[in-house]
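Listed here are the chains, written in short residue letters.
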Amino acid sequence: MDALLSTLFLLIFSKSFVGTFSLGVGINYGQIANNLPSPSRVSTLLKSLNISRVKLYDADPNVLNAFANTNIEFIIGLGNEFLQKMQDPQQSQIWIQQKVQPYLSRTRITCITVGNEVLGGQDPQLPQYLLPAMKSMYQALVNLGLSSQVYVTTAHSLQILKTSFPPSSGAFHDDLVQYIQPMLSFHTQSNSPFLINAYPYFAYKNDPKNVPIEYLLFEPNSGTVDQGTNLKYDNMLYAQIDAVYSGIKALGHTDVQVRISETGWPSKGDEDEPGATVENAGIYNRNLLQRMQEGQGTPAHPSQRIDIYVFALFNENMKPGPTSERNYGLYYPDGNPVYNLGVQGYLPRMDYSSSAKSALCILSLFGLLLGSLLLA
């Protein structure tokens, strides 16, 4: 029995590595996989890394409950499939009453993203529903007295830009302006940020012969100069952020903050995905984290600290698409890091999940049966 208890203790409390200091960024916690650790174990991992901000793609009650009383700040998501329905203010209020209100007293939910990469996406019908759903969700928060606690926004792909270089010439696609213009007014009125999913990796994947990888990885390079502003850029991500700011300014707004809701680099890819390696992924994220810890801004907005959510916490083995899509994680599902980030945390090896409880139950029944046979 002592040996069994010792084994269980080691399984439950063993550490893959010991925590030291904070990553200094938010993290995207995707769950398109069938082998991820339980949310309670993930909570332990993120606390050990001192990560204080997490972004979900849904409003998973298991996650929100597991992170109760951790003081970790959550962005939760409303899927694209609900946009048309959520134009109805009554439906939005019901959703918030069911998905948000029950958890607010113990879990810090600070943002709802309404849809993901809707503009410029695959479904041409969705854009017309996006802003009405955002407004409806916001009004429901106002009605419930939660609008000062939880803000509403949506995340965009960089595909919304028709021009991204030089950054000072950044502009949105003409056919999307009809959606973005009123959306910017909404952001101003509700004091919410404009979210962008930015992946310099895609530039290298599409044109590896002409795009210097050092410029994408924050490594030493000659950089580029924006002839319109004479500002020098030593990495593509900052240029992309400033291009979005320029696009927003061209539509008459200088009062909306741009934040990066996703950025990352894959550690593995298919044969036609050059640069998707463990080495490059480690370099990208290590250099990115270093810059975020320094509190950097972009060349055009040096005093505005860049706000970033790294994609992603785990490799997700059920994501569709090329191999790279399943290999953006900082960690494998077993809690081991994919590469050295220069930070350390730990993931408990096992908790009292249903399988563990079943095993203990079987052992107990076996003990009772054995005892009965000995007494017979």
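Here is a short report on the structure shown in this document. Residue positions are given per chain, counted from 1 along the sequence in the order it is written. Side-chain atom pairs in this predicted model are given and counted only at pLDDT of 80 or more, local residue features only at pLDDT of at least 70, and totals for whole chains, interfaces and linings cover all residues. Hydrogens and waters are ignored; side-chain quantities use all the structure's heavy atoms.

### Observations concerning the pairing of strand β11 (residues 258-263)
- Exposure is judged per residue with a 1.4 Å probe applied to protein chains only, and the accessible area is read against the type maximum: over 50% gives exposed, under 20% gives buried, and values in between give partly exposed. Helix and strand assignments follow DSSP, with helices taken as H or I runs no shorter than four residues and strands as E runs no shorter than two, numbered in order from the N terminus. In terms of burial, β11 is largely enclosed, as five of its six residues are buried.
- Pairing between strands requires that DSSP locate at least two bridges from one strand to the other. Bridging between strand β8 (residues 194-197) and β11 involves four bridges; their strand directions are parallel. Across the sheet, Leu195 pairs through a bridge with Arg259, a residue of β11.
- The pairing of β11 with strand β12 (residues 308-310) spans two bridges and is parallel. By the bridge assignment, Ile260 is partnered in β12 with Ile308.
- Seen with the strands pointing away from the viewer, any crossover whose path from the first strand over the helix to the second strand runs clockwise is right-handed. Crossover connection from β11 via helix α10 (residues 278-293) to parallel β12: handedness right-handed.

### Some remarks on the packing of helix α5 (residues 127-143) against helix α6 (residues 177-190)
- Running from N to C, α5 and α6 cross one another at 10°; their axes reach a closest spacing of 10 Å. Looking at the two axes, α5 sits roughly parallel to α6. Here α5 runs over α6; the crossing is left-handed. Packed against α5, whose contacting residues are Pro127, Gln128, Leu130, Leu131, Met134, Lys135 and Tyr138, the element α6 presents Tyr179, Pro182, Met183, Phe186, His187 and Ser190 at the interface.
- Here the contact of α5 with α6 is composed, by residue class, of nine nonpolar, three polar and one charged. Note on geometry: axes are C-alpha line fits, over the in-contact stretch for helices, and angles between N-to-C directions span 0 to 180 degrees. Small angles under 35 degrees read as roughly parallel and large ones over 145 as roughly antiparallel, with 65 to 115 read as roughly perpendicular and the rest as oblique. Two helices crossing with the near one rotated counterclockwise from the far one by less than a right angle form a left-handed crossing, whereas a clockwise rotation gives a right-handed crossing. Whether two residues are in contact is decided by their heavy atoms: any pair within 4.5 Å suffices. Lys, Arg, Asp and Glu make up the charged group, whereas Ala, Val, Leu, Ile, Met, Phe, Trp, Tyr, Cys and Pro make up the nonpolar group; the residues left over, Gly among them, are polar.

### A look at the pattern of salt bridges
- By salt bridge we mean one thing: a side-chain nitrogen of Lys or Arg within 4 Å of a carboxyl oxygen of Asp or Glu. All chains considered together, the criterion is met by seven salt bridges.
- Between Arg53 and Asp307 there is a salt bridge, with its nearest N and O atoms 2.9 Å apart. Taken as a pair, Arg53 in strand β2 (residues 53-55) and Asp307 in the loop between α10 and β12 lie far apart in primary sequence, 254 residues in all.
- A salt bridge links Glu73 to Arg108; its shortest N-O distance comes to 3.3 Å. Of this pair, Glu73 sits in strand β3 (residues 73-78) while Arg108 is found in strand β4 (residues 108-116), placing the two residues 35 residues apart along the sequence.
- Looking at Arg108, the relative accessible area reads 37%, which means it is partly exposed.

### As for unusual backbone geometry
- For the peptide bond that leads from Phe165 to Pro166, omega is -5°, which places it in the cis range.
- Among the structural elements, Pro166 can be located in the loop between β6 (161-163) and β7 (171-172).
- That bond from Phe311 to Ala312 is cis: its omega, 5°, falls within 30 degrees of zero.
- Position of Ala312 relative to the elements: it lies in the loop between β12 and α11 (354-375).
- In this structure, Phe218 is a non-glycine residue whose phi angle is positive, near 65°.
- Tracing the chain through its elements places Phe218 in the loop between α8 (213-216) and β9 (224-226).

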